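Structural characterization, general
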Amino acid sequence: MKLKQLESMLGELQQFSNPKVELEQYPTGPHIASRMLYAAENSFGDVSNKVVADFGCGCGTLGAAASLMGAEQVIGIDIDSQSLEIASLNAEDLELDINFIQCDIRNLVWRGPIVDTVVMNPPFGTRRKGADMDFLSAALKIAFQAVYSLHKTSTREHVKKAALRDFGASSAEVLCELRFDVPQLYKFHKKREVDVAVDLWRFAPKTNQGNST
C-alpha cells in the first residue's frame, strides 16, 4: 500500500468524541500514523506477516495502520472502554480483524501470542509523571522484535537513557522528528492547535539483538 493511500484511509477514522484529560487522550493523526507504520514496514520489515500490538490504542489508528500494512494479527490494548468501542467500530468500517483488550498497561501480564512489534503513542506524562516510561517499560518486556513509539523531543536524552539502562533495550534510535498537532480538546487549552515536536523512536529489545528481519 502506498503512503498517500494509507494516510487517506486513516483520515476517515472516527476519533474521540469526549476525550479524557487524565488519560492524555489525543488522537494520533493520519499523517504521523501512516509514516510511523510505513517506516516500520518498509525500512525494517517489522509489520507485514507479524503480530503487532498497539499499546494505549485509543481509537485504533496505529493498529488499523498495521493491519492495512499486512500484519498477520493486530491486538489493541487500552484502559478506556469508550475508546475501545470507537476502535472496534473503526476496524469494522475498514473490514479489519483486530482484537481489542481492556487493560491498564501497568498491570499487563501477557499470556497471548508472541508479539513481534509494539506500536504506540503513549501519554507524554504531563498529567501523570512517568506515564510515558510505564508504556515503554511494558512494551520492551513484550516485544520480540521492535517497539515503535512517539515521545516529546524535549525528553530525548531521558528516553534513551531509560530504554538502554533501565528497560533492557539493545538499541534506541530516533528515526525522525515529527510535528504532533495537539488540537484544542480541553478547557485549559488556550490555543486552537499547538504543534509539539516529537521523536519517532525504534527500540530493539535485548532478547532479539542483531535480528531486524
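Heads up: the structure comes first, above all this text.
Read on for an overview of the structure.

Cut-offs used in this document
Residues numbered from 1 in each chain as written. Predicted model: local features only at pLDDT ≥ 70, side-chain atom pairs only at ≥ 80, totals over all residues. Heavy atoms only, no water. Helix = DSSP H or I, 4+ residues; strand = E, 2+ residues; numbered from the N terminus. Axes fitted to C-alpha atoms, helices over the stretch in contact; angles between N-to-C directions. Left-handed = near helix turned anticlockwise from the far one by under 90°. Contact = heavy atoms within 4.5 Å. Nonpolar A, V, L, I, M, F, W, Y, C, P; charged D, E, K, R; others polar. Salt bridge = Lys/Arg side-chain N within 4 Å of Asp/Glu carboxyl O. Buried < 20%, exposed > 50% of the residue type's maximum accessible area, 1.4 Å probe, protein only.

In this section: the environment of Ser 154. Checked against the element boundaries, Ser 154 lands in the loop between β5 (143-152) and α6 (156-166). Placed 42 residues apart in sequence, Ser 154 and Val 196 show a C-alpha to C-alpha distance of 9.6 Å.

Bringing the packing of helix α5 (residues 131-142) against α6 into the picture now. In contact at an axis separation of 11 Å, α5 and α6 are set at 35° when each is read in the N-to-C sense. In this structure, α5 meets α6 at a crossing whose hand is right-handed. When α5 is examined against α6, the residues Met 133, Leu 136 and Leu 140 are found in contact with a partner set consisting of His 158, Val 159, Ala 162 and Ala 163. Per-class residue counts for the contact of α5 with α6 are six nonpolar, one polar and no charged.

Structurally, His 31 can be placed in helix α2 (residues 30-42). Separated by 27 residues in the primary sequence, His 31 and Lys 4 place their C-alpha atoms 9.1 Å from one another.

A separate point is the environment of Gly 29. Among the secondary structure elements, Gly 29 is positioned in the loop between α1 (3-10) and α2. Separated by 19 residues in the primary sequence, Gly 29 and Leu 10 have C-alpha atoms spaced 8.1 Å apart.

Moving on to the pattern of salt bridges. What the rule picks out here adds up to six salt bridges. Across the salt bridge formed by Arg 202 and Asp 46, the nearest N and O atoms sit 3.0 Å from each other. Here Arg 202 is found in strand β7 (residues 193-205), whereas its partner Asp 46 is found in the loop between α2 and β1 (51-55), with 156 residues between them in sequence. Both residues of the pair, Arg 202 and Asp 46, count as buried. Two residues, Arg 156 and Glu 177, come together in a salt bridge whose shortest N-O distance is 3.6 Å. Of this pair, Arg 156 sits in helix α6 while Glu 177 sits in strand β6 (residues 169-183); the two residues are 21 residues apart in sequence, bridging distant segments of the chain. Relative accessible area serves as the criterion here: at 29%, Arg 156 is assigned to the partly exposed category. Linked through salt bridges whose partners overlap, the residues forming this network are Arg 156, Glu 177 and Asp 199.

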